[in-house]
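# Chain and residue survey
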Amino acid sequence: MPEPGTTAVVIVLPDAAPLLDAAWRIDPALVRRGVPAHVSLLYPFVPESALTGRDESAVRSLAAGFQAGDLVLEEVVTAPGFVAVTVPGLQPAVDAFRTRWPGLRPYGGRFGARPAAHVTVAMGADDPTTAARVRTAVDGLLPLRIRAAEVQLVVLTEEGWQSRLTAPLGVPDAP
């Protein structure tokens with residue numbers, strides 16, 4: 001489990017909430033409540049204690065370089081204990097953030113150097129029957145049209161994840 005002060009850069013996808021709701025109905029322990037459906041652009045990001053205005057400006061600048069838009073989610077992927085839906089339309093944004101901060105290994109390197117852009121639906125689905133039930137439930141919701149509109153820099157606090165900054169996609173910083 002991450003420690004308070006851990007940060008992440010994400011694109012929150014409210015329209016993908018039904019995917020997490022489907023997993024929650026099967027087993028609430030599989031879904032991290034209080035964490036909305038999202039794609040992680042870079043997790044973990046710079047620890048809160050080391051974040052600078054330069055990092056925040058870079059997040060805003062990178063977000064401005066990608067247009068807000070509609071996406072269609074179509075593919076469920078699974079790994080032991082894990083169910084997700086890929087979001088290939090956000091892979092260029094994920095790659096740009098990883099390129100900008102090359103010293104930060106996505107997910108601490110647990111999923112290789114270039115994990116695919118995805119919405120995590122269920123974690124801890126170690127029982128194959130439960131994982132299959134989640135996959136079937138989620139697959140029944142696809143294709144799902146969603147909208148990606150903004151990047152958030154979030155910080156884990158004692159009360160949960162909190163937004164530190166929000167940067168709209170495709171909107172340059174005001175001078």
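Okay, the confidence of the model for the chain next. Close reading of the predicted structure is inappropriate where its pLDDT is low. On average, residues of the chain carry a pLDDT of 94, and 99% of them reach 70 or more. The element-level mean pLDDT for the chain is lowest in strand E4 (residues 76-79), coming to 94, with strand E7 (residues 144-148) highest at 98.

All right, on to empty space enclosed by the protein then. Under the definition given, this model contains one cavity of 30 Å³ or more. Approximately 80 Å³ is the volume attributed to the largest cavity. For the largest cavity, the lining is made up of 13 residues, of which Leu20, Arg32, Val35, Thr120 and Val121 are closest to its centre. Top element by residues in the lining of the largest cavity is strand E6 (residues 118-125). It accounts for five residues. Grouping the amino acids of the lining of the largest cavity by side-chain chemistry returns 10 nonpolar, two polar and one charged.

The computed volume of the largest pocket comes to approximately 900 Å³. If you go around the largest pocket, you meet 37 residues; those closest to its centre are Arg32, His38, Tyr43, Tyr107 and Met123. When residues of the lining of the largest pocket are traced back to their parent elements, those giving at least two are strand E1 (7-12), strand E2 (38-42), E4, strand E5 (81-86), E6, strand E8 (150-157) and strand E9 (160-168). Top contributing element to the lining of the largest pocket by residue count: E6, with four residues. Of the residues in the lining of the largest pocket, the class split is 23 nonpolar, 11 polar and three charged.

For the structure on display, the rule yields four salt bridges. Glu48 is paired through a salt bridge with Arg164; the nearest N and O atoms lie 3.8 Å apart. Placement of Glu48 in the loop between E2 and helix H2 (53-64) and of Arg164 in strand E9 is noted, with a sequence separation of 116 residues between them. Residue Glu48 is classed as partly exposed on the basis of its relative accessible area of 35%. The exposure class of Arg164 is partly exposed, given its relative accessible area of 36%. Between Arg114 and Asp95 there is a salt bridge; the shortest N-O distance is 2.5 Å. Remark: Asp95 occurs in helix H3 (residues 91-100) and Arg114 occurs in the loop between H3 and E6; sequence separation between them is 19 residues. Residue classification places Arg114 among the exposed positions, given a relative accessible area of 54%. According to the relative accessible area criterion, Asp95 is partly exposed, its value standing at 22%. One salt-bridge network, held together by shared partners, links Glu48, Glu56 and Arg164.

How each quantity is defined
- Residues numbered from 1 in each chain as written.
- Predicted model: local features only at pLDDT ≥ 70, side-chain atom pairs only at ≥ 80, totals over all residues.
- Heavy atoms only, no water.
- pLDDT = per-residue confidence, 0-100.
- Helix = DSSP H or I, 4+ residues; strand = E, 2+ residues; numbered from the N terminus.
- 1 Å grid on protein atoms, 1.4 Å probe; cavity = no way out; pocket = protein on both sides within 12 Å on 5 of 7 lines; lining within 4 Å.
- Points joined across faces, edges and corners; volume = space filled by probe spheres on them.
- Nonpolar A, V, L, I, M, F, W, Y, C, P; charged D, E, K, R; others polar.
- Salt bridge = Lys/Arg side-chain N within 4 Å of Asp/Glu carboxyl O.
- Buried < 20%, exposed > 50% of the residue type's maximum accessible area, 1.4 Å probe, protein only.

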